[in-house]
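Listed here are the chains, written in short residue letters.
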Amino acid sequence: MGFIIDNKKMYRKFKKLLNQKFFVDKSNIINDFNKLIDKDGNCNVCITKPRRFGKTSIAAMLTTYYSKGIDSQEIFDKLKVSKGKSSDETEKKKEIEQYRKFQGKYHTLYFDFSSKLYKYNSLEDLLNDFNNKLKKDIKNINKEFNLFRYKNDIIDNYENEIIDNLEKINDETGESFIIIIDEWDSIIFSNKFTPDEKVQYLGFLKSLIKDQGYSAFVYMTGISPIAKELSQSTLNCFDEYSMLNDKKYYQYFGFTEQEVRDLCEKKKKDKKKNNKIKYKDLENWYNGYKAYNGEKIFNPWSVCHALENDIIENYWNDTGRFDELVNIINFNILGVKDDILELIKGKKIKIELENFGAENILNEIINDKETSKNDMKTELYSKMVTFGFLTYYDGNISIPNKELEEKFVKVLNRNDDLKYYYNMINNSEKMLNMTLNNNPEEICKILEKSHMAIIRPGDKMDHGNLKRVIEFAYFNARIHYIVNEEVGEGKGISDFIFYPKNKRQKVIIIELKVNSSAKEAIKQIHQKKYYNDLKNKGYTGNILLVGINLKKKYKLYSCKIEEYDNELKTLISDNEYIPNSKNKRKLDQESESESESESESESESESESESESESETDDKM
């Protein structure tokens with residue numbers, strides 16, 4: 001074993017993986033790769049995934065399995081690969097035959113392009129160092145194991161380039177290699193190398209791989225895909241699979257739902273360990289990535305650490321630098337601020353993404369071309385999916401899970417225009433508690449402190465924007481409640497209904513008003529009977545009716561809370577807070593007159609809506 005040939009470091013890494021308590025067997029990918037060996041045009045695979053999704057672990061496994069210099073039969077005979085994976089018996093028999101045939105047949109060449117980049121002053125220095133290591137490996141391996149039998153004495157007649165030496169070995173011995181390239185895109189993203197050197201690097205990779213007789217199979221991995229249009233790409237010798245486009249190998253990177261359930265069962269049987277964590281906990285925090293078919297994919301790094309530590313917390317700091325997320329979001333692109341706020345609230349955004357990759361980024365740097373706003377947004381979200389900050393499924397982007405949601409919330413605090421949303425989210429636990437404890441005064445204080453401080457004369461503050469404020473003010477309520485807005489219940493559509501996940505807890509119905517009164521908001525809930533049918537749906541706890549009104553002129557909130565039993569027969573408590581109690585009568589008078597005009601407007605709107613609905617029904621009939 002050497003530095004590049006049959007890499008000893010990767011062998012040791014895989015041995016450590018096997019000894020992990022929460023090891024998941026992904027060896028069936030070898031059955032898939034064995035079918036590609038020496039297939040012209042199909043034996044080069046590039047798989048790109050976010051950090052800590054098991055890319056290098058797969059590289060370590062492949063190095064251990066294929067390397068002539070590693071005795072691995074005892075290891076792999078215990079893993080899934082040795083049994084075949086196909087449900088078809090004939091195909092399974094062929095897979096088992098290939099497993100025996102290719103195990104330990106090749107020398108592997110392992111190139112890690114992220115390792116110790118600080119050592120190199122240029123691309124030439126890096127490639128020369130790799131070539132020198134390769135030459136040492138050839139000498140040492142040939143001397144110790146006599147693995148290479150040369151027809152001519154060329155052992156001391158090395159070339160100055162890796163490719164030339166590999167060609168010479170192949171010509172003289174017929175020896176071919178499995179090539180493994182790890183973190184291929186590190187050179188592209190490193191500031192140590194010039195744009196010209198990065199272009200040269202792509203040329204080197206193409207020469208190393210394309211149409212080379214010494215290459216039996218290539219596995220290349222990294223974070224960023226190669227390019228948007230492979231047909232136009234320098235590296236068009238690869239079949240590429242990314243977070244945006246992987247229908248074949250997705251189950252080998254990250255954990256599937258079944259694998260996480262199996263790990264939970266394994267933990268349950270370990271009597272030495274605590275068993276506080278359940279599958280539902282892991283699902284809530286680390287699930288959310290979606291395969292092309294909707295299958296759940298979990299972040300393996302976070303799942304393993306949560307199970308090992310028996311603590312659900314944010315392990316993303318160990319997965320990738322938080323600054324990457326901060327730096328990647330360009331809030332200056334039109335519409336991005338609103339999009340990010342919607343995503344943080346758990347919404348999905350419809351967008352058509354493309355497989356934007358490293359070569360596209362490099363082309364932009366070199367050509368210094370101007371990109372349209374729409375293209376910039378597409379590129380931004382493509383990068384965020386690539387880095388694992390977003391997931392993309394069925395034409396929609398969304399934040400994958402609670403772990404990433406926390407990171408996005410922190411980004412708000414880095415942006416001056418969005419800090420008040422961050423403050424509202426931080427106060428949202430208190431907001432929910434004040435609601436459940438029937439404390440309208442504290443609710444108004446929280447709203448005024450977190451939001452009204454940034455409202456300036458002339459700022460638009462209509463009913464829609466007030467709803468956005470309330471969504472963030474109750475942000476953490478989603479932990480305990482299914483929060484639905486624009487809910488069609490009773491005789492109308494309520495602003496918000498919070499359905500408790502534990503159906504014995506309180507249901508919360510919220511109605512909002514602008515330049516009206518909290519009393520009018522409560523009155524509307526009763527008139528429209530938004531609370532109808534809750535008991536039939538299995539909710540057995542008390543019902544809270546919450547009316548919130550914003551007085552734009554005075555920049556003040558008022559709130560009224562009524563709590564009823566589940567039958568809506570007994571009023572348990574009735575609390576109201578109106579600011580400036582000395583001017584209460586004046587505010588109420590203004591509210592009544594404004595509310596009358598608002599009600600008339602709503603009636604006209606409802607009437608138009610009903611006639612439109614009747615018209616649509618007639619058309620359908």
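Scroll up a little and you will see the structure.
Residues numbered from 1 in each chain as written. Predicted model: local features only at pLDDT ≥ 70, side-chain atom pairs only at ≥ 80, totals over all residues. Heavy atoms only, no water.

## Observations concerning the overall build of the protein chain
Counting its secondary structure elements, the protein chain contains 23 helices and 17 strands. Excluding contacts between residues fewer than 6 apart, the proportion of contacts in the protein chain whose partners are at least 24 apart in sequence is 71%. (Helix = DSSP H or I, 4+ residues; strand = E, 2+ residues; numbered from the N terminus. Contact = heavy atoms within 4.5 Å.)

## A look at the nonpolar core
One finds Ile329, Ile344, Met384, Ile397, Phe408 and Ile548 to be the most contacted residues of the largest nonpolar core, which totals 73 residues. Beyond its immediate stretch of four places on either side in the chain, methionine 384 contacts Leu325, Ile328, Ile329, Ile340, Phe389, Leu390 and Phe408. Ranked by size, the runner-up nonpolar core spans 42 residues in total, among them Ile5, Phe113, Leu127 and Leu134. (Core = buried A, V, L, I, M, F, W, Y, C linked by side-chain atoms within 4.5 Å. Buried < 20%, exposed > 50% of the residue type's maximum accessible area, 1.4 Å probe, protein only.)

## A word on a positive patch on the surface
Together, Lys8, Lys9, Arg12, Lys13, Lys16, Arg52 and Lys116 make up a positively charged patch on the protein surface. By secondary structure assignment, the location of lysine 8 is in helix α1 (residues 8-18). (Patch = residues over 30% accessible without salt bridge, like charges linked within 9 Å, V, L, I, M, F, W, Y side chains within 5 Å. Areas by Shrake-Rupley, 256 points an atom, 1.4 Å probe, with all protein chains shown as cover. Salt bridge = Lys/Arg side-chain N within 4 Å of Asp/Glu carboxyl O. Lys, Arg positive; Asp, Glu negative; His and termini not counted. Charge placed at Lys NZ, Arg CZ, Asp CG, Glu CD.)

## Considering the sheet that holds strand β2 (residues 107-112)
Strand order across the open sheet formed by 5 strands is β2-β3-β4-β1-β5, with parallel pairing between neighbours. The open sheet is flanked by β2 and β5 (239-241), the only strands paired with a single partner. Looking at each pair of strands side by side, their axes are set apart by 15° on average, direction ignored. In the sheet, β2 pairs with strand β3 (residues 177-182) via 6 bridges, with the strands oriented parallel. The residue bridging threonine 108 from the neighbouring strand is isoleucine 178, located in β3. (Pairing = 2+ DSSP bridges. Axes fitted to C-alpha atoms, helices over the stretch in contact; angles between N-to-C directions.)

## A closer look at the side chain of asparagine 31
Looking at where asparagine 31 falls in the secondary structure, it is placed in helix α2 (residues 28-34). Reaching out from asparagine 31, the side chain makes a polar contact with the side chain of asparagine 28 at a distance of 2.8 Å. Engagement of the side chain of asparagine 31 in a polar contact is seen with the backbone oxygen of valine 81, the distance being 3.4 Å. Residues contacting asparagine 31, with those up to four places away along its chain left out, are Val81, Gly84, Lys85 and Glu95. (Polar contact = N/O pair within 3.5 Å; in protein donor to acceptor, adjacent residues only side chain to side chain.)

## Focus on the pairing of strand β1 (residues 44-48)
For β1, a buried count of 5 out of 5 residues is recorded, marking the element as mostly surrounded by other parts of the structure. Of the two faces of β1, the one carrying Asn44, Cys46 and Thr48 and the one carrying Val45 and Ile47 are both buried. Summarising the sheet, β1 and strand β4 (residues 215-222) pair through 5 bridges and their orientation is parallel. Considered in β4, the bridge of asparagine 44 is made with valine 218.

## A few points about the environment of serine 190
Relative to the assigned elements, serine 190 resides in the loop between α8 (186-189) and α9 (195-209). Discounting residues that sit within four places of it in the chain, serine 190 has contacts with Leu117 and Lys198.

## Regarding the pairing of β2
Of all 6 residues in β2, 6 are buried, a share of seventy percent or more. Of the two faces of β2, the one lined by His107, Leu109 and Phe111 and the one lined by Thr108, Tyr110 and Asp112 are each fully buried.

## A look at the packing of helix α7 (residues 162-173) against α9
For any two helices packed against each other, the geometry comes down to the angle between their axes and how far apart the axes lie. Interaxial distance between α7 and α9 falls to 10 Å at its minimum, and their mutual angle equals 0°. As far as their axial angle goes, α9 and α7 are roughly parallel. Side by side, α7 and α9 meet where Ile162, Ile163 and Leu166 of the first sit next to Phe204, Ser207 and Leu208 of the second. Partitioning the contact of α7 with α9 into residue classes produces 5 nonpolar, 1 polar and no charged. (Parallel < 35°, antiparallel > 145°, perpendicular 65-115°, else oblique. Nonpolar A, V, L, I, M, F, W, Y, C, P; charged D, E, K, R; others polar.)

## What about the layout of surface pockets?
Considering only enclosed or pocket space, the largest pocket measures out at about 1,200 Å³ in volume. As for the largest pocket, its lining consists of 40 residues, of which Asn284, Lys345, Gly346, Glu405 and Arg478 are closest to the centre. Looking at which element gives the most residues to the lining of the largest pocket, the answer is helix α11 (residues 279-286), with 5 residues. (1 Å grid on protein atoms, 1.4 Å probe; cavity = no way out; pocket = protein on both sides within 12 Å on 5 of 7 lines; lining within 4 Å. Points joined across faces, edges and corners; volume = space filled by probe spheres on them.)

Note that all results are geometric; they support no functional claim without further evidence.
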